[in-house]
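Descriptive analysis of the structure
Chain by chain, the residues:
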Amino acid sequence: MASGTGSPYKADLLSDTLTRPSEAMREAMAGAEVGDDVFGEDPTLRALEERLADLLGHEAGLFTPSGSMANQLGVRLHVKPGEELIGDSLAHVVRAELGAAAVLSGISSRTWASERGRFRADDAASLMVTGVGPYQVCTSLVVVENTHNFGGGTVQSLEEIRRARALTRERGVAMHLDGARLFNAHVASGVPVGDYGREFDTVSVCLSKGLGAPVGSVLVGSAEAMAESRVWRKRFGGGMRQAGILAAAGLYALEHNVERLAEDHARARRAAEALAEAAPGVVDLATVETNIVIADVAAAGWTSAAFVEAALAGGVRTYAVGPGAVRLVWHLDVDDAGTDVAVDVLTALLRSGPAA
Ligand SMILES: Cc1ncc(COP(=O)(O)O)c(C=O)c1O
């Protein structure tokens, strides 16, 4: 069962954004010292920004209401109107931020095809265009996502990132890390978040996904870049007042919910193994790296829409990410018992196939 969080589902694998703050997190929020952050006077918020900047190897941080805003502030910072960013075709920035880069920054985006979002420096290098004066669009930014959401929780190689950093530095191109799930990458790979973070000009991290806070992301970068982003955040409508209440949840999450991400990864793997055994070809176990499992239910004769509906009837919520692919995401509010239910319901559906 879901772990006493008020969820109506026996197991809710829709997304790791669903987590509800625990009692202890709520207490931390209630007791937070606050001030008006538009005037730079919220001590809890400042503490969170400093903590994340420090962890990620940067000078300063800026709290934002969402991961999308943190990413778009990074885009705004590095890409002038009429220039472009490049990234892989499954990246959240290009696929799920509803054209924000074009609408808010007046820029274009080009993408390369990737295998499950896996980042390769050569893909970025072959798409990058620099020094073409007034004849072609110039590339100003490479975006990397770690872990990769639509790729299925893929952890990026630090070596590939470092190769890309060397290439972009030579050509004067900036790099932004969409680290919505960077702590999952850290827990899975053992690479300190700062080792990833230092390779980028700016990094966004989400507190409201696997870390379990209700709201908020932080963008980090140089002090100068964050001062500029603070202005743009206000312009985008993201200047907040006593947001230390939210920052307290973020600080609590960093203190208590990082290492436990390993539990989500272990449960995702256990379920993936059960699905793979129930229906060969549905899950490639080599692709299960963190808290996300992509199940190719078409290999068991299902469409994703029919599978999602049948799973829901059994109390398990999942998400269709393609005509035959279903995404399952583990998080703080799915415990061992919830995982058992999910395994029972989903393997039974895979074994039975859809009703004729
Ligand atoms: C990789 C990635 N980046 C950014 C975001 C955006 O976060 P938010 O929903 O807080 O805007 C998400 C949200 O799911 C995500 O998965």
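Along each chain, residues carry numbers from 1 onward, in the same order as the chain's sequence is written. At least 70 in pLDDT is required for a residue's local features to be given in this predicted model, at least 80 for side-chain atom pairs to be given and counted, and no such filter applies to totals for whole chains, interfaces and linings, which use all residues. With hydrogens and water set aside, each side-chain value is computed from the structure's full complement of heavy atoms.

Under an unreviewed UniProt entry, the name given to the protein is Low specificity L-threonine aldolase, and the source organism is Terrabacter lapilli. UniProt positions are given in the numbering used here, feature names are shortened, and annotations may be inferred rather than shown by experiment. Per UniProt, the comment on the protein under Cofactor (unreviewed entry) is "pyridoxal 5'-phosphate".

Here the focus is the overall build of the protein. Note on conventions: DSSP H or I runs of at least 4 residues are helices, E runs of at least 2 residues are strands, and numbering of each starts at the N terminus. Looking only at helices and strands, the protein has 14 helices and 12 strands in total. Its C-alpha atoms give the protein principal-axis dimensions of roughly 60 × 55 × 35 Å. Each accessible area is a Shrake-Rupley result for a 1.4 Å probe, and residues are judged covered by the shown protein chains and nothing else. For the protein, the exposed area adds up to about 14,300 Å²; of that, 53% sits on carbon and sulfur atoms. Averaging the locations of the 32 positively and 45 negatively charged side chains of the protein gives two centres separated by 3 Å. Asp and Glu are treated as the negative residues and Lys and Arg as the positive ones, with His and the ends of the chain left uncounted. To locate a charge, take atom NZ for lysine, CZ for arginine, CG for aspartate or CD for glutamate.

The accessible area lost on association of the parts is a frequent measure of interface size. Where a domain begins and ends is set by an automatic assignment or by a domain database. When cut into domains, the protein gives domain 1 (11–19 + 260–352) and domain 2 (31–256). With centres defined by C-alpha atoms, the gap from domain 1 to domain 2 works out at 28 Å. Opposite the 16 residues of domain 1 that make contact, domain 2 presents 21 residues. Around 1,500 Å² of area is buried between domain 1 and domain 2 when both sides are counted, 52% of it from carbon and sulfur atoms. Joining two parts hides part of their accessible area as seen by a 1.4 Å probe, and the buried area is that hidden amount summed over both. Among the residues of domain 1 in contact with domain 2, Asp16, Leu261 and Glu289 are the three that bury the most area, contributing 34% of the side total. We count a salt bridge whenever a side-chain nitrogen from Lys or Arg sits within 4 Å of a carboxyl oxygen from Asp or Glu. Remark: the boundary between domain 1 and domain 2 carries 3 salt bridges. Note that Glu289 is salt-bridged to Arg118, the shortest N-O span being 2.9 Å. Each polar contact in these results corresponds to two N or O atoms within 3.5 Å; when the atoms are within protein, one needs to be able to donate a hydrogen and the other to accept it, and residues that are neighboring in sequence are counted only if both atoms are side-chain atoms. Between the two partners, domain 1 and domain 2, sit 8 residue pairs in polar contact (both at pLDDT 80 or more). Broken down by secondary-structure element, the contributors of at least two residues to the side of domain 1 that touches domain 2 are α12 (261–278) and β9 (292–296). At 3 residues, α12 tops the list of elements feeding residues into the side of domain 1 that touches domain 2. A contact between two residues is defined here by any heavy atoms of the two lying within 4.5 Å.

Time to look at the site of the ligand. By convention in these notes, a residue is near a molecule or strand provided one of its non-hydrogen atoms lies within 4 Å of it. In the vicinity of the ligand, the residues found are Ser66, Gly67, Ser68, Asn71, His92, Glu97, Glu145, Asn149, Asp178, Ala180, Arg181 and Lys209. Between the ligand and Asn149, the relevant distance is 2.8 Å, taken from an oxygen atom to a side-chain nitrogen or oxygen of the residue. One nitrogen or oxygen atom from the side chain of Lys209 is found 2.9 Å from an oxygen atom belonging to the ligand. Burial of the ligand by the surrounding chains reaches 83%, relative to a free accessible area of 390 Å². The biggest single contributor to the shell around the ligand is helix α3 (residues 67–78), with 3 residues.

Here the rule is simple: two strands pair whenever DSSP picks up at least two bridges between them. What the 3 strands build is an open sheet, ordered β9-β12-β11; its pairing is antiparallel. Taken across any chain shown, the strands that pair with only one partner, and hence form the sheet edges, are β9 and β11 (319–320). As paired elements, β9 and strand β12 (residues 325–329) share 5 bridges and run antiparallel to each other. Bridge pairing in β12 places Ile292 opposite Val329. With axes taken as lines fitted to C-alpha atoms, and helix axes fitted only over the stretch in contact, angles between N-to-C directions fall between 0 and 180 degrees. Taken strand by strand, helix α13 (residues 304–313) contacts β11 and β12, and its axis lies near 40° from that of β12.

So, on to the pairing of strand β7 (residues 202–206). Burial runs high along β7: 5 of the 5 residues are buried. Buried residues are those whose accessible area, probed at 1.4 Å on protein chains only, stays under 20% of the maximum for their type, while exposed residues exceed 50% and partly exposed ones sit between those limits. Across the two faces of β7 the burial is the same, with Thr202, Ser204 and Cys206 and Val203 and Val205 all buried. Bridge analysis of β7 against strand β8 (residues 217–221) gives 4 bridges, and the strand direction is antiparallel. Following the sheet pairing, Val205 is matched in β8 by Val218.

This paragraph deals with the packing of aromatic side chains. Each pair of aromatic rings taken from Phe, Tyr and Trp, with Trp reduced to its six-membered ring, is defined by centres within 6.5 Å and is described as stacked if the planes are under 30 degrees apart, edge-to-face if over 60, and tilted in the remaining cases. Tallying each qualifying case throughout the model produces 3 aromatic pairs. Consider the rings of Trp302 and Phe307, whose centres lie 5.4 Å apart with planes at 85°: the pair is edge-to-face. Residue Trp302 shares its accessibility class with Phe307, and that shared class is buried. The ring of Trp232 has Arg76 sitting right over it, with the charged end atom 3.9 Å from the ring centre. Over a ring means this: the NZ of a Lys or the CZ of an Arg is within 6 Å of the ring centre and within 35 degrees of the ring normal. For Arg235, the ring lying beneath its charged end belongs to Trp232, and the centroid distance is 4.4 Å.

What follows concerns the packing of α3 against helix α10 (residues 223–235). Relative to each other, α3 and α10 sit at 115°, their axes nearing to 10 Å. In the packing of α3 onto α10, the handedness of the crossing is right-handed. Along its contact with α3, which presents Met69, Leu73, Arg76 and Leu77, the element α10 presents Ala225, Met226, Glu228, Ser229, Trp232 and Arg233. In this count, Pro and Cys sit with the nonpolar residues alongside Ala, Val, Leu, Ile, Met, Phe, Trp and Tyr, while Asp, Glu, Lys and Arg are called charged and the others, Gly among them, polar. By residue class, the composition of the contact of α3 with α10 is 6 nonpolar, 1 polar and 3 charged. Left-handed describes a crossing whose near helix is turned anticlockwise from the far helix through less than a right angle; right-handed describes the clockwise counterpart.

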